[in-house]
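Below, each chain spelled out in residue letters.
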Amino acid sequence: MCLQYELCVKPARCTLSVFVLRVLTARPDCWFSFLFFLKLLRYFSYFLLFAKLFYDSYIAGKKLDGFIEVAPFLAPHAMTFDTAGLLWATAESSHALVYIDPQRGMVLGHVETGTNRSHFMAANADGSKIYVPHRQLSFMSVIDTATKQVTKRIPDFRYECQGVCTAPDGNRVYQASSARPEISIIDTASDTVAGKFKIDGLGDDFPPQLNRLRVSPDNRYLVVSFNQSRAAAVI
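Participant: Help me out: how do you make sense of the sheet that holds strand E15 (residues 232-234) in this one?
Facilitator: Picture the strands of a sheet paired through backbone hydrogen bonds; they go either parallel or antiparallel. Strand order in the open sheet formed by three strands is E13-E14-E15, with antiparallel pairing between adjacent strands. Both edges of this open sheet fall to strand E13 (210-215) and E15, since each of them pairs with a single strand only. Each neighbouring strand pair of the sheet contributes to a mean axis angle of 20°, computed without reference to strand direction. Bridging between E13 and strand E14 (residues 222-226) involves five bridges; their strand directions are antiparallel. Bridging from a neighbouring strand, Val215 pairs with Leu222 of E14.

Spelled out as structure tokens, the structure:
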């Protein structure tokens, strides 16, 4: 450790470089700290260079283009695109989903779900169907993006629905409960619950509130986050 070193030199006669040289000459053990400082300084300069390149490439010149008004529909939440390039959004407080033309920035219509708390949603691989779980309810709605109709309600969820995601290969939809550490697997061909499994180690006494799910690009892993932990489960 470098101890404080007092050098009695008049400030007018001592430049910074002379001061540093005298300190390092008097205390050789300070060389390590000095070199470590120079190394940190070099890495910091690399960071600044990267930040500037990122800003110039992705941020500079971009600006807010406008807003899309969805009134009278309230509380837009989750969003996804369909095969036609339309933007879909849940209107959680209006018991509906709205579909939007992103080019014109206007709502083209809506689909009534008939239930409250249409919170999250996920589209299948080709964007032809949207799966919408409903908080505090035990079923999931399936919406056909071509006909703009609710085609099915998938039952058999013992606990309220929350997070949802689709696998990249399009064969499965995963739905998480916010009341129990349980994941349901949905077969997208039949839109039925094909199986369920629990996440071990979380317990049932205190709800873990599973809320976000993502499948890895190779369809091998499912990652689940939950509110009551700083960690995420990898299945």
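We are not done yet, so read on.
Participant: Before we go on, may I ask you to explain the sheet that holds strand E4 (residues 106-112) in this structure?
Facilitator: Overall, antiparallel pairing links the four strands, which are arranged E1-E2-E3-E4 in an open sheet. Only two strands of the sheet have a single partner each, and these edge strands are strand E1 (76-81) and E4. Neighbour-to-neighbour, the strand axes of this sheet turn through a mean angle of 25°, independent of strand direction. Here five bridges tie strand E2 (residues 87-91) to strand E3 (residues 96-101), and the two strands are oriented antiparallel to one another. When the bridges of E3 are listed, Ala89 appears paired with Val98.

Participant: What exactly am I supposed to notice about the nonpolar core here?
Facilitator: For soluble globular proteins, nonpolar side chains are generally found buried alongside one another. Ranked by internal contacts, the top residues of the largest apolar core, which has 13 residues, are Tyr174, Ile183, Leu210, Leu213, Leu222 and Val224. If you list the elements that add at least two residues to this core, you get strand E10 (172-177), E13 and E14. Setting aside residues up to four positions removed in sequence, Leu222 forms contacts with Cys165, Tyr174, Ile183, Phe197, Leu213, Arg214, Val215, Ala233, Val234 and Ile235. Counting 11 residues, the second largest nonpolar core, distinct from the first, contains Ala78, Trp88, Leu97 and Met121.

Participant: Any chance you could explain a nonpolar patch on the surface here in plain terms?
Facilitator: Taken together, Leu41, Phe44, Phe47 and Leu48 make up a surface patch of nonpolar side chains, about 410 Å² in accessible area. Residue Leu41 is classed as partly exposed on the basis of its relative accessible area, which comes to 46%.

Participant: Hey, could you run me through the side chain of Glu92 in this one?
Facilitator: Position of Glu92 among the secondary structure elements: in the loop between E2 and E3. Ignoring any residue separated from it by four or fewer positions in sequence, one finds Glu92 in contact with Leu74, Ala75, His77, Arg117, Ser118, His119 and Arg135.

Participant: Can you help me understand unusual backbone geometry in this one?
Facilitator: A negative phi angle characterises most non-glycine residues, just as the trans form characterises most peptide bonds. For the bond running from Ala71 to Pro72, omega is 15°, close enough to zero to count as cis. Here Pro72 is to be found in the loop between helix H2 (30-59) and E1. Positive phi, close to 55°, is recorded for Asp191, a residue that is not glycine. Inspection of the secondary structure assignment puts Asp191 in the loop between strand E11 (182-187) and strand E12 (192-198). A relative accessible area of 8% means that Asp191 is categorised as buried.

The rules behind each value
- Residues numbered from 1 in each chain as written.
- Predicted model: local features only at pLDDT ≥ 70, side-chain atom pairs only at ≥ 80, totals over all residues.
- Heavy atoms only, no water.
- Pairing = 2+ DSSP bridges.
- Helix = DSSP H or I, 4+ residues; strand = E, 2+ residues; numbered from the N terminus.
- Axes fitted to C-alpha atoms, helices over the stretch in contact; angles between N-to-C directions.
- Core = buried A, V, L, I, M, F, W, Y, C linked by side-chain atoms within 4.5 Å.
- Buried < 20%, exposed > 50% of the residue type's maximum accessible area, 1.4 Å probe, protein only.
- Contact = heavy atoms within 4.5 Å.
- Patch = residues over 30% accessible without salt bridge, like charges linked within 9 Å, V, L, I, M, F, W, Y side chains within 5 Å.
- Areas by Shrake-Rupley, 256 points an atom, 1.4 Å probe, with all protein chains shown as cover.
- Salt bridge = Lys/Arg side-chain N within 4 Å of Asp/Glu carboxyl O.

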